Amino acid sequence: MVVEPEHASVNGSKTTQPPQRTHREVADELRARIRSGALPPGRRMPTQAQLAEEFGVERGTVRQALRILQSEHLLTNVTKGSPATVAPDLAKALTGPGAPPLPTTVALAPRIASAFAAQHVEIDALCLTSVSLTLAIGEPLRQIHAGRLKPAKIDVRVLLPSRDIDLAFPVPVAGRGGDGDPVHQRWLAMRNAQGQVLQHNLLALRATHGIDVRVSFRALPFTPPVKLYLLNGVESLFAYYTVTRREQEIDHRQLEMYDAEGTQSVLFAFEQGADLRDTTFVEQSHLWFNALWETISSELLLTT
């Protein structure tokens, strides 16, 4: 067999070594193992020598990868002398402040569930519809019904766009169709239906568990370009609505529209007390929400 020159070494042996992985690629693989449960909370990691051999890299590359995961609060005890340990509180490490930003569908529910562990639960939300919040509250409601969570009081305030404004999105690409605009009517039906479900599920806790519950909605005179969730006065979750052009079947016909998939918006988490930047962001978020609630917002009725 003839060995091509570019694959031969000086002694004629074949050399087909793949490109060496970077420290970020090693970190990505280990992060995936932690998230999947292959490396559970509290488990000691393989030694740096073992990881270096497995990935075919230098120990320094492994050490850099481990430090990335330590900065994300996924690992503890990252030193030269002993194996690192998977963090015991992965729920917060994977979804709370300091974790990589994640889509709303992944990040919001665990943080809402954590907020419901308090005796007085306070949730403020500003969004296009309340679909993400309604879905996220499902888990703590199950835990309350199972007796694992026992809040005494729940206050929820939600700011949503008014039905009477011309939304920036969702909107037909061809332009608005007046009062009978099917895109606007679809958004309005979703806004009202999700709000009603959220309100019903929370208020039902009064009768079933004797919890003091208040759920309030107010209408905004503009289309929010971002979504914001404030939890118990100490945590702020922030995401951008990214507008895209897509097709949707409405009333048995395909319509092109500009819209944003809020459930896929990436949430950035900020926690009061984490550092000056986070603390200031949480405080300013509360000031901004309260200013909107108390000034330019108006009464919102969840009716078509």
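Residues numbered from 1 in each chain as written. Predicted model: local features only at pLDDT ≥ 70, side-chain atom pairs only at ≥ 80, totals over all residues. Heavy atoms only, no water.

J.: Outline unusual backbone geometry, supporting the account with residue identities and numerical values.
T.: Here the bond from Phe-169 into Pro-170 is cis, since omega is -5°, no more than 30 degrees from zero. Looking at the element boundaries, Pro-170 is found in the loop between β5 (153-161) and β6 (171-172). You will see that Asn-232, though not glycine, has its phi angle at about 55°, which is positive. Topologically, Asn-232 is positioned in the loop between β8 (226-231) and β9 (235-240). Non-glycine residue His-252 carries a positive phi angle of around 65°. Relative to the helices and strands, His-252 is located in the loop between β10 (244-250) and β11 (253-259). (Helix = DSSP H or I, 4+ residues; strand = E, 2+ residues; numbered from the N terminus.)

J.: Help me get a handle on a nonpolar patch on the surface, residues and values and all.
T.: Side chains of Tyr-240, Val-266 and Phe-268 sit close together on the surface and give an oily, nonpolar patch of about 270 Å² of accessible area. With respect to the helices and strands, the residue Phe-268 is situated in strand β12 (residues 266-271). (Patch = residues over 30% accessible without salt bridge, like charges linked within 9 Å, V, L, I, M, F, W, Y side chains within 5 Å. Areas by Shrake-Rupley, 256 points an atom, 1.4 Å probe, with all protein chains shown as cover. Salt bridge = Lys/Arg side-chain N within 4 Å of Asp/Glu carboxyl O.)

J.: Can you break down the confidence of the model for the chain residue by residue, with the values?
T.: Overall, the predicted model of the chain reaches an average pLDDT of 87, with 88% of residues at or above 70. In this model, residues 1-15 is a region of pLDDT below 50 whose contacts with residues beyond four sequence positions or in other chains number eight contacts. (pLDDT = per-residue confidence, 0-100. Contact = heavy atoms within 4.5 Å.)

J.: Report on the pattern of salt bridges, specifying residues and quantitative values.
T.: This structure, assessed with the given rule, holds eleven salt bridges. The partner of Arg-157 in a salt bridge is Asp-124, with the nearest N and O atoms 2.9 Å apart. Taken together, the residues Arg-157 in strand β5 and Asp-124 in strand β4 (residues 120-126) connect sequence positions 33 residues apart. Glu-261 is the partner of Arg-246 in a salt bridge, and the nearest nitrogen-oxygen pair spans 3.5 Å. A residue pair is termed long-range when its members are at least 10 positions apart, and Arg-246 in strand β10 and Glu-261 in the loop between β11 and β12 qualify at 15 residues. For Glu-261, a relative accessible area of 42% translates into the label partly exposed. One network of salt bridges, in which partners are shared, links Glu-29, Arg-33 and Glu-54. (Buried < 20%, exposed > 50% of the residue type's maximum accessible area, 1.4 Å probe, protein only.)

J.: Could you give an account of the sheet that holds β10, with specific residues and numbers?
T.: Sheets are built from strands paired through backbone hydrogen bonds, the pairs being either parallel or antiparallel. Ordered in space as β6-β11-β10, the three strands form an open sheet in which the pairing is antiparallel. Across the chains shown, the open sheet's two edge strands, defined by having one partner strand only, are β6 and β10. Pairing of β10 with β11 involves seven bridges; the strand directions are antiparallel. Looking at β11, one finds that Arg-246 is bridged to Met-257. (Pairing = 2+ DSSP bridges.)

J.: Describe in detail the sheet that holds β5, supporting the description with residues and values.
T.: Taking strand neighbours across the sheet as the criterion, the eight strands line up as β3-β12-β9-β8-β4-β5-β7-β13 in an open arrangement whose pairing is mixed. Every interior strand has two partners, whereas the edge strands, β3 (102-103) and β13 (298-299), have only one. Sheet strands in contact with helix α7 (residues 182-209) are β5 and β7 (212-220), and its direction is about 160° off that of β7. Packed onto the sheet, helix α8 (residues 276-294) meets β4, β5, β7, β8, β9 and β12 and runs at close to 110° relative to β12. (Axes fitted to C-alpha atoms, helices over the stretch in contact; angles between N-to-C directions.)

J.: Residue-level account of the pairing of β12, with values.
T.: Side chains on a regular strand alternate between the two faces of the sheet. Sheet topology places β3 next to β12; two bridges connect them, and they run antiparallel. Bridge pairing in β12 places Leu-102 opposite Leu-267. Relative to β12, β9 runs antiparallel, the two sharing four bridges. Opposite Glu-235, over in β12, you have Glu-271 as the bridge partner.

J.: Quick one: what's the story with the pairing of β4, residue by residue and with numbers?
T.: Along β4, five of the seven residues are buried, which leaves the element largely enclosed by surrounding structure. Since β4 and β5 lie parallel, the crossover through helix α6 (residues 131-145) that links them has a hand, and here it is right-handed. Pairing analysis gives four bridges linking β4 to β8, with the strands arranged antiparallel. In the strand pairing of β8, Asp-124 is matched with Leu-230. (Right-handed = clockwise from strand over helix to strand, strands pointing away.)

J.: Just give me the short version of the packing of α6 against α7, but keep the residues and values in it.
T.: Contact geometry for α6 and α7: axes closest at 9 Å, N-to-C directions at 20°. Considering their axes alone, α6 and α7 lie roughly parallel with respect to each other. Between α6 and α7 the crossing geometry is left-handed. In contact with Val-131, Leu-133, Thr-134, Ile-137, Leu-141, Ile-144 and His-145 of α6, α7 contributes Gln-194, Val-197, Leu-198, Asn-201, Leu-202, Leu-205, Thr-208 and His-209. Partitioned by chemical class, the residues of the contact of α6 with α7 number nine nonpolar, six polar and no charged. (Parallel < 35°, antiparallel > 145°, perpendicular 65-115°, else oblique. Left-handed = near helix turned anticlockwise from the far one by under 90°. Nonpolar A, V, L, I, M, F, W, Y, C, P; charged D, E, K, R; others polar.)

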